[in-house]
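# Notes for the structure review
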Amino acid sequence: MIAKCLDINEKGHLTVSGVDTVDIAREFGTPTYILDENTIRENCRVYIDSMKKYFGEGSFPLFASKALSFTEIYRIVASEGMGIDCVSPGEIHTAYKAGYPMEKAYFHGNNKTDADIEMALDAGVGCFVVDNREELVSLNAAAGKRGMIQKILLRISPGIDPHTHRKVVTGSVDSKFGTAIETGQAMEMVKAAAECKNLHFAGIHCHIGSQIFDIDPFVSAADIMFRFIKDIKNETGVELEELNLGGGLGVPYVDTDPVIDYEDCIRRMAEQLRKTGESFGLKMPKIILEPGRSIVAAAGVTLYTVGSFKNITGYKSYVSIDGGMPDNPRYALYNSQYTILVANKANEERTVKCTIAGRCCESGDLIAEDIMLQTAERGDILAVLVTGAYNYSMASNYNKIPRPPVVIIKDGVPRVAVKRETFDDLVRNDI
Ligand SMILES: *Cc1c(COP(=O)(O)O)cnc(C)c1O
């Protein structure tokens, strides 16, 4: 199966970590997000252990919590000793309320308001990844008022297109994130940061993209970032201690996607980076990575109930489910591919070509088009696999549809981590 926690039991039903998904659907209703806790914990450990082993003491991963953000997730990653990054005051609030040790949190975002900055300082966020000049000025002033020195990284745009070969370094200079080395603006930011009395300018950050299946783009980015660290040392005398290369390692959603070994990627990355560092005569900085998808995606399955059918003669055959783009907007947004099956007929042949449609009043509300599926009937349970990342966290109430619950399975025992929204929740703030 596409994820390690999945299997099929003697009844021919899909299981997550040994638990029958048909039983989960019966007990908790549908749609429901399922997460396998052990998968998440194992993925955290692979990153933590391999980064320590290959990059050395002081190098560590941050869970990019925009991939999956609710209270219990922050508790789980905290108990693994994993860092986090947050991209909004809402994520900071959720982590803080969960009791997450905020000194291990990094705060991203290309437009942090003064209120966001104050709030993050109140919460004790360990490091700001400063995106722009306005933020630098505002943060320096806010830290000064508190009589404190705030640690920062600067977000840099190395000008890498992750889909091209490492030697073909193109685009991405034109981005709303960070400042570009190429235009000279990054060096101006560096000089301004080094002058800020209330900021500790510890390093630089870049994030080159997502669903990346080889290490070349990271190695190319590191080349450019190392060269920049060297230039910074030459021009300002500041020797940076941290290099954050962002997230982006991919996960397989369908059988044709590559499967990658994260430990091996980190080992090879470390090997390359060490060479690059040496070639510039630099001391190896602490390396930080920010995996989101590769920590949580494979832990997730979404369950739906099949409702109605439409076989349009000469055209598509639609299978409609009781969820859709409000709980999983990724097909509508990116045409993302998924592995889908009828959970209570998991052993049967896939003989029907069909399109999975949601229940919204929106023709773009699809989960997959023209996939092969088992023969489905009204009342069957449909499972969409590898939905742990960017599903719950991207969900909306479009069409006034309540968001599904999150059920976490640990060692064969399911528990609700986020309750299903009620209709009353939908009008809670209405006056
Ligand atoms: C989205 C994001 C990540 C995580 O990316 P994944 O592809 O989920 O690993 C990490 N860092 C930053 C700054 C991001 O915006």
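Treat the numbers as computed from the prediction; the structure is a model and nothing was measured. (Residues numbered from 1 in each chain as written. Predicted model: local features only at pLDDT ≥ 70, side-chain atom pairs only at ≥ 80, totals over all residues. Heavy atoms only, no water.)

All right, on to the pairing of strand 15 (residues 317–321) then. Among the 5 residues that make up strand 15, 4 are buried, leaving the element largely enclosed by the rest of the structure. The pairing of strand 14 (residues 300–311) with strand 15 spans 4 bridges and is antiparallel. Looking at strand 15, one finds that Asn311 is bridged to Ser317. Here strand 14 folds back onto strand 15, and the loop between the two strands holds 5 residues, one of which, Gly314, carries a positive phi near 85 degrees. For strand 15 and strand 17 (residues 352–357), the ladder comprises 3 bridges, and the chain directions are parallel. Note on strand 17: the bridge partner recorded for Ser320 is Ala357. (Buried < 20%, exposed > 50% of the residue type's maximum accessible area, 1.4 Å probe, protein only. Helix = DSSP H or I, 4+ residues; strand = E, 2+ residues; numbered from the N terminus. Pairing = 2+ DSSP bridges.)

The next subject is the pairing of strand 5 (residues 60–64). Among the 5 residues that make up strand 5, 4 are buried, leaving the element largely enclosed by the rest of the structure. Of the pairings in the sheet, the one linking strand 5 to strand 6 (residues 83–86) comprises 3 bridges and is parallel in character. Directly across from Phe63, in strand 6, lies its bridge partner Ile84. The parallel pair strand 5 and strand 6 is bridged by helix 3 (residues 71–79), and the resulting crossover is right-handed. (Right-handed = clockwise from strand over helix to strand, strands pointing away.)

So, about the sheet that holds strand 3 (residues 19–20). If you trace the 3 strands from one edge of the open sheet to the other, you get 1-2-3, paired in antiparallel fashion. Each end of this open sheet is capped by a strand with a single partner; those strands are strand 1 (6–8) and strand 3. Two strands pair when backbone bridges link them, and strand 2 (residues 14–16) and strand 3 are joined in this way by 2 bridges, in the antiparallel orientation. By the bridge assignment for strand 3, Thr15 is matched with Asp20.

With that settled, the discussion passes to the pattern of salt bridges. One pass over the structure, following the stated rule, counts 26 salt bridges. Here the residues in one salt-bridge network are Glu37, Arg41, Arg45, Glu72, Arg75, Glu80 and Arg415, joined through shared partners. (Salt bridge = Lys/Arg side-chain N within 4 Å of Asp/Glu carboxyl O.)

To continue, consider the nonpolar core. Core analysis: the largest hydrophobic core is formed by 131 residues, its most contacted members being Leu154, Ile204 and Ile356. Residue contributions to this core peak at 10 residues, all from helix 8 (residues 216–236). Inspection of this core shows a minimum of three residues originating in each of domain 1 (6–36 + 297–426) and domain 2 (108–291). With 7 residues, the next largest nonpolar core counts Tyr106, Cys127, Val129 and Ala202 among its residues. (Core = buried A, V, L, I, M, F, W, Y, C linked by side-chain atoms within 4.5 Å. Domains from an automatic or database assignment.)

What follows deals with the domain arrangement of the chain. Parsing the chain into structural domains produces domain 1 (6–36 + 297–426) and domain 2 (108–291). Listed per partner, the contact involves 6 residues of domain 1 and 4 residues of domain 2. Summed over both partners, the interface of domain 1 with domain 2 comes to about 520 Å²; 58% of that surface belongs to carbon and sulfur atoms. For domain 1, the biggest contributors to the area lost against domain 2 are Gln337, Thr339 and Val386; these three give 55% of the whole. Where domain 1 packs against domain 2, one counts 0 salt bridges. (Contact = heavy atoms within 4.5 Å. Buried area = accessible area lost by both parts, 1.4 Å probe.)

Attention shifts here to the site of the ligand. Around the ligand there are 14 residues in total, and Lys66, Ser210, Glu290, Arg293 and Tyr390 lie nearest to it. In this structure, an oxygen atom belonging to the ligand sits 2.9 Å away from a main-chain N or O atom of Gly248. At 2.7 Å from a nitrogen atom of the ligand is found a side-chain nitrogen or oxygen belonging to Glu290. Here the ligand, which alone exposes 390 Å², has 93% of that area covered by the protein. Residues belonging to the shell around the ligand are distributed by class as follows: 3 nonpolar, 7 polar and 4 charged. (Near = heavy atom within 4 Å. Polar contact = N/O pair within 3.5 Å; in protein donor to acceptor, adjacent residues only side chain to side chain. Areas by Shrake-Rupley, 256 points an atom, 1.4 Å probe, with all protein chains shown as cover. Nonpolar A, V, L, I, M, F, W, Y, C, P; charged D, E, K, R; others polar.)

Going through the model one piece at a time under the given rule, you end up with 0 disulfides. Cys86 provides the cysteine sulfur closest to Cys127, a residue in no disulfide bond, and the two sulfurs are 12 Å apart. A relative accessible area of 1% means that Cys127 is categorised as buried. No disulfide involves Cys265; its sulfur sits 16 Å from the nearest other cysteine sulfur, which is in Cys206. For Cys265, a relative accessible area of 2% puts it in the buried group. (Disulfide = S-S within 2.5 Å.)

Looking now at the packing of aromatic side chains. Scanning all chains against the criterion turns up 6 aromatic pairs. Where Tyr253 meets Tyr338, the ring centres are 5.6 Å apart and the plane angle is 90 degrees; that geometry is what we call edge-to-face. Placement of Tyr253 in the loop between strand 12 (242–244) and helix 9 (262–279) and of Tyr338 in the loop between helix 11 (330–334) and strand 16 (340–342) is noted, with a sequence separation of 85 residues between them. A cation sits over an aromatic face here: Lys112 above Phe107, 5.2 Å from the ring centre. (Phe/Tyr/Trp six-rings, centres within 6.5 Å; stacked < 30°, edge-to-face > 60°. Lys NZ or Arg CZ within 6 Å of the ring centre and 35° of its normal.)

Attention now goes to the environment of Asn38. Checked against the element boundaries, Asn38 lands in helix 2 (residues 37–55). Separated by 318 residues in the primary sequence, Asn38 and Ile356 have C-alpha atoms spaced 29 Å apart. Excluding anything up to four places from it in sequence, Asn38 contacts Ile409, Lys410 and Asp411. At a separation of 3.0 Å, a polar atom in the side chain of Asn38 contacts the side chain of Asp411.

The gaps left among the atoms become clear once a water-sized probe is rolled over them. Per the counting criterion, the structure on display carries 4 cavities of 30 Å³ or more. Considering only enclosed or pocket space, the largest cavity measures out at about 50 Å³ in volume. Sorting the residues of the lining of the largest cavity by element identifies strand 4 (32–36) and strand 14 as the ones contributing at least two each. Tallied by class, residues from the lining of the largest cavity come to 8 nonpolar, 3 polar and no charged. (1 Å grid on protein atoms, 1.4 Å probe; cavity = no way out; pocket = protein on both sides within 12 Å on 5 of 7 lines; lining within 4 Å. Points joined across faces, edges and corners; volume = space filled by probe spheres on them.)

Turning our eyes to something else, we now look at the packing of helix 7 (residues 185–195) against helix 8. Each packed pair of helices is defined by two parameters, the angle between the axes and the distance between the axes. Two numbers describe how helix 7 lies on helix 8: the axes approach to 11 Å, and their chain directions differ by 50 degrees. With respect to their mutual orientation, helix 7 and helix 8 come out oblique. Pair helix 7 / helix 8 crosses with right-handed handedness. When helix 7 is examined against helix 8, the residues Ala186, Met187, Val190 and Lys191 are found in contact with a partner set consisting of Phe228, Asp231, Ile232, Glu235 and Thr236. (Axes fitted to C-alpha atoms, helices over the stretch in contact; angles between N-to-C directions. Parallel < 35°, antiparallel > 145°, perpendicular 65-115°, else oblique. Left-handed = near helix turned anticlockwise from the far one by under 90°.)

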